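Listed below, chain by chain, are the residues.
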Amino acid sequence: MEAKLFFFAIGWWLCCYHPWTNVHGEYYSSVEQMRKLLKLEESLVASLGQYIKLHEQKIEFLHRQRDLLEKELKKGLKDDIEYSSNPVSAFLMVNRLVNDWERLRAFMDMDVGAKLQNTTEMPTHEDLIGVVEGLARLQDMYELNAKEMASGKLLDRTIGRQLKTAECYEIGNKLTAAKSYRHAVSWLRESLRLWTMDSPGVSKVEVMNALSYALSHQGEYEEALELTQKVLKLQPDNQRALNSKEPLEKWIEYKKQHGLPPPVPEPYVKNYPSLCRGDDQRPAKELAKLRCRYEHNRTPFLRISPLKLQEVNHDPMIVMYHDVISNKEIDAIISISKPLMHRSMVGDDHEKAVSKTRTSSNAWLDDVMHPVVRTLSQRTEDMTNLAMTAAERLQVGNYGIGGHYLPHYDYAVAEEGKEVYPSIGKGNRIATVMYYLSDVAIGGATVFPQLGLGVFPQKGSAIFWYNLHANGTVDHRTLHGACPVFVGSKWVGNKWIHERGQEFRRSCELDPKV
């Protein structure tokens, strides 16, 4: 409340202030991008320290602000990956940078010669919405409630501190803005539960009005009206409550007469959420047939350096290779990729677009870019016995807050008279190899809903499967998805291999099961 009053008192100066221009950075789609924000905030804290020395008349207020920001910053720098990937702390960080730091920037720029300087693009409101959407996704997928998340303790581990009333309120408001009303209700309820007379930054009336609005969008008109009436008892002239009362009464009457429309079904494929939570749904009899072995027969190189192969599934055959890429090679791949990262898209050569079904950033690496990339292509050929002349470039991906890729197929289905992947000209994707370039603390599994199995990332390993039957037709059972990352930074390297040029590597059979 003190901060609000202070900024209100100087608000008239802001009318003459030319705001600092933001550039859309879209940080939320990559944890690696989110980590940059910690460095950005670190530089801003340092700039703020210099500024305080020039303005003694403001030092008491600014010291208090800096202490609060620095305390939170130190927590983040202690473990930057966990802090940046934790959806709650990530929201608070982006919210500070989008809102709090801009207010401080405006305050510091008033009638003075010094300004906060930084070389990193500031996050935007789009990033803020992206973070809360990721948070809502995690709540759904891992069956988490707002009270647990606000407590800072989840799944037997501490992932942050206890959130304050105003912070839960802010998350609820942003979820409302994202039209995620069900999740907004849970966070606003928690804000109301935590509220006391000493709660800074938000009034009880503000929380109740926001909760009433979110409830009304969930069809809970009776409870929404009850909250509105409570607001009017506390503040009879509250305009928001007065404007809401009559419409809510009408909706209650409509609900009595006509009921509510059926709820919108969840967008998840059957088994997807439970598999993401680690529920392998195959019978023990089937699992007992899976084996581990050394693969050394295919090429001369494998005779001196056999691969560690783990059978994940027999039909279709899915295998996992362990210790196939070293930490040094992984560091090189990620280092090359970082400056090339862009938001991942979905679609084929004819039409690609950014989609909320896939929240990650990626980069494409050619063999000629670095010896490690070239080495990885050769290793992929040794693993799969498929020719790399028909392989795509290595795609390196990093997932963002709650980063995921809903179940999809890696192969394409051609429209009549059109070729699949015409820009490549090598036919369909016959196989997929996915390298895991990092461990993930919680979440991030690769799951196959139709097969009832999931594979969790293990740094240095790779998973391999065929997307097409032996006769060249598509295998619908290879539907797979990337589960939301809860805590950690998930890095993967995808190598998609096409069918032309593989005739003598994987012979075409009339029987698809051969």
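Once a new chain begins, its residue numbering starts again from 1 and follows that chain's sequence as written. Local features in this predicted model are restricted to residues whose pLDDT is 70 or higher, and side-chain atom pairs enter the listing and the counts only when it is 80 or higher, whereas totals over whole chains, interfaces and linings include all residues. Side-chain figures throughout are based on the complete set of non-hydrogen atoms in the structure, without hydrogens or water.

**Quick notes on the overall build of the protein chain**
Thinking step 1. By definition, any uninterrupted DSSP run of H or I lasting at least four residues is a helix, any uninterrupted run of E lasting at least two residues is a strand, and each is numbered from the N terminus. When you go through the protein chain residue by residue, the secondary structure sums to 18 helices and 19 strands.
Thinking step 2. Relative accessibility decides the category of a residue: with a 1.4 Å probe and only protein chains considered, values under 20% of the type maximum give buried, values over 50% give exposed, and everything between is partly exposed. Among the 514 residues that make up the protein chain, the fraction classed as buried is 52%.
Thinking step 3. Note on contacts: a residue pair qualifies if any of its non-hydrogen atoms lie within 4.5 Å across the two residues. Contacts spanning at least 24 positions in sequence make up 74% of the contacts within the protein chain whose residues lie at least 6 apart.
Thinking step 4. Accessible surface is estimated by sampling points in the Shrake-Rupley manner with a 1.4 Å probe; for residues, cover comes only from the protein chains shown. Carbon and sulfur atoms make up 53% of the accessible area of the protein chain, which totals about 25,100 Å².

**Observations concerning the environment of Asn362**
Thinking step 1. Examined against the element boundaries, Asn362 turns out to sit in strand S9 (residues 360-365).
Thinking step 2. The class for Asn362 is buried, based on a relative accessible area of 8%.
Thinking step 3. Considered as a pair, Asn362 and Lys338 are 24 residues apart in the sequence and their alpha carbons are 8.7 Å apart.
Thinking step 4. Asn362 has contacts with Leu340, Met341, His342, Ser344, Gln395, Val396 and Gly397, leaving out every residue within four places of it along the chain.
Thinking step 5. Residues adjacent in sequence count toward polar contacts only when both atoms are side-chain atoms; beyond that, a polar contact is any pair of N or O atoms within 3.5 Å, and within protein one must be able to donate a hydrogen and the other to accept it. A polar atom in the side chain of Asn362 sits 3.0 Å from the side chain of Ser344.

**Here's the deal with the layout of surface pockets**
Thinking step 1. When its volume is computed, the second largest pocket comes out at roughly 990 Å³.
Thinking step 2. A cavity here means a set of 1 Å grid points, computed over protein atoms only, where a 1.4 Å probe fits but cannot escape. A pocket is an open set with protein on both sides within 12 Å along at least 5 of 7 lines, and lining residues have an atom within 4 Å of a point. Lys179, Ser180, Arg182, Val264 and Glu266 are, among the 30 residues lining the second largest pocket, the residues nearest its centre.
Thinking step 3. Residue assignment for the lining of the second largest pocket shows that the elements contributing at least two residues are helix H7 (125-141), helix H10 (181-194) and helix H13 (239-258).
Thinking step 4. A per-element tally of the lining of the second largest pocket places H7 first, with 4 residues.
Thinking step 5. Think of it as three bins: nonpolar holds Ala, Val, Leu, Ile, Met, Phe, Trp, Tyr, Cys and Pro, charged holds Asp, Glu, Lys and Arg, and polar takes everything else, Gly as well. A breakdown of the residues in the lining of the second largest pocket according to their chemical character gives 15 nonpolar, 8 polar and 7 charged.
Thinking step 6. Residue ranges for the domains trace back to a domain assignment, done automatically or taken from a database. Two domains each provide a minimum of three residues to the lining of the second largest pocket, namely domain 1 (125-258) and domain 2 (277-411 + 418-498). Grid points are joined across faces, edges and corners, and a volume is the space filled by probe spheres set on the points.

**Topic: the UniProt feature "repeat: TPR" (unreviewed entry) in the protein chain**
Thinking step 1. UniProt positions are given in the numbering used here, feature names are shortened, and annotations may be inferred rather than shown by experiment. Following the UniProt record, one finds the feature "repeat: TPR" (unreviewed entry) at residues 205-238.
Thinking step 2. In residues 205-238, the share of helix is 79% and the share of strand is 0%. The end C-alpha atoms are 9 Å apart.

**A short note on the pattern of salt bridges**
Thinking step 1. When a carboxyl oxygen of Asp or Glu lies within 4 Å of a side-chain nitrogen of Lys or Arg, that pair is called a salt bridge. The full count for this structure, using the stated rule, is 31 salt bridges.
Thinking step 2. Glu190 is paired through a salt bridge with Arg193; the nearest N and O atoms lie 2.7 Å apart. Residue Glu190 and its partner Arg193 are both found in helix H10; the two are separated by 3 residues, about one turn of the helix.
Thinking step 3. Its relative accessible area of 4% is what places Glu190 among the buried residues.

**A short note on the state of the cysteines**
Thinking step 1. The rule for a disulfide is simple: a pair of cysteine sulfur atoms within 2.5 Å. Per the counting criterion, the structure on display carries 1 disulfide.
Thinking step 2. Here Cys276 engages in a disulfide with Cys483; their sulfurs sit 2.0 Å apart. Between Cys276 and Cys483, the disulfide has an S-S torsion of -85° and is therefore left-handed. Residue Cys276 is found in helix H14 (residues 272-276), and its partner Cys483 is found in the loop between strand S17 (480-482) and strand S18 (485-487); the two are separated by 207 residues along the sequence.
Thinking step 3. Cys276 gets classed as buried once you look at its relative accessible area, which sits at 2%.

**Comments concerning the sheet that holds S17**
Thinking step 1. Overall, antiparallel pairing links the 4 strands, which are arranged S11-S17-S14-S15 in an open sheet. The sheet is open, and its two edges are formed by strand S11 (405-408) and strand S15 (453-455), each paired on a single side. Between one strand axis and the next, the sheet turns by 15° as a mean value, whatever way the strands run. Pairing between strands is defined by DSSP: at least two bridges between them are needed. Structural elements are reduced to axes, namely lines fitted to C-alpha atoms, with helices fitted over the stretch in contact, and the angle between N-to-C directions of any two is expressed from 0 to 180 degrees.

**Let's talk about helix H9 (residues 165-177)**
Because each turn of an α-helix spans 3.6 residues, side chains separated by three or four positions in sequence point in the same direction.
Thinking step 1. Multiply 1.5 Å by the residue count of a helix minus one, and that product is the helix's expected span. Helix length check: H9 (13 residues) gives 18 Å between terminal C-alpha atoms against 18 Å at 1.5 Å per residue, within 8%.
Thinking step 2. Turning to H9, its buried residues are Thr165, Glu167, Cys168, Tyr169, Ile171, Gly172, Lys174, Leu175 and Thr176.
Thinking step 3. At its buried positions, H9 is contacted by helix H6 (87-109), H7, helix H8 (146-151), H10 and helix H11 (204-217).
Thinking step 4. A positive backbone phi angle near 65° is found at Lys179, which sits one or two residues after H9.

**Remarks on H6**
Thinking step 1. Here H6 is 23 residues long and its end C-alpha atoms lie 31 Å apart, about the 33 Å a rise of 1.5 Å per residue gives.
Thinking step 2. What is called the bend at a residue is the angle between a pair of axes, fitted to the seven residues leading up to and ending at it and to the seven starting from it. Remark: the principal bend of H6, roughly 40°, maps to Arg96.
Thinking step 3. Counting buried positions along H6 gives 21 out of 23 residues, so the element sits mostly inside the fold.
Thinking step 4. By the N-cap criterion, in which a side-chain oxygen at the helix start approaches the backbone nitrogen of a residue two or three places on, H6 is capped by Asn86, the distance to Val88 being 3.0 Å.

**Here's the deal with the packing of aromatic side chains**
Thinking step 1. Two rings belonging to Phe, Tyr or Trp (six-membered ring only in the last case) form a pair when the distance between their centres is within 6.5 Å. Interplanar angles under 30 degrees mark stacking, angles over 60 mark edge-to-face geometry, and anything in between is tilted. Summed over the entire model, instances satisfying the criterion amount to 7 aromatic pairs.
Thinking step 2. Ring geometry for Phe464 and Tyr466: centres 5.2 Å apart, planes at 65°, overall edge-to-face. Each member of the pair Phe464 and Tyr466 is classed as buried.
Thinking step 3. Placement of a charge over a ring requires the Lys NZ or Arg CZ to be within 6 Å of the ring centre, with the centre-to-atom vector within 35 degrees of the ring normal. We note Arg429 situated over the ring of Trp496; from NZ or CZ to the ring centre the distance is 4.0 Å.

**Digging into the nonpolar core**
Thinking step 1. To form a nonpolar core, buried Ala, Val, Leu, Ile, Met, Phe, Trp, Tyr and Cys residues must be joined to one another through side-chain atoms within 4.5 Å. By size, the foremost hydrophobic cluster in this structure holds 80 residues, and its most contacted members are Met34, Trp101, Trp187 and Phe486.
Thinking step 2. Per-element tally for this core: the top contributor is H6, with 12 residues.
Thinking step 3. Looking at which domains feed residues into this core, each of domain 1 (125-258) and domain 2 (277-411 + 418-498) supplies at least three.
Thinking step 4. Non-local contacts of Trp187, meaning those with residues more than four positions away in its chain, are made with Val88, Leu135, Gln139, Ala146, Met149, Ala150, Leu163, Cys168, Ile171, Gly172 and Leu175.
Thinking step 5. By size, the runner-up hydrophobic cluster in this structure holds 35 residues, among which are Leu302, Val319, Ile333 and Ile336.

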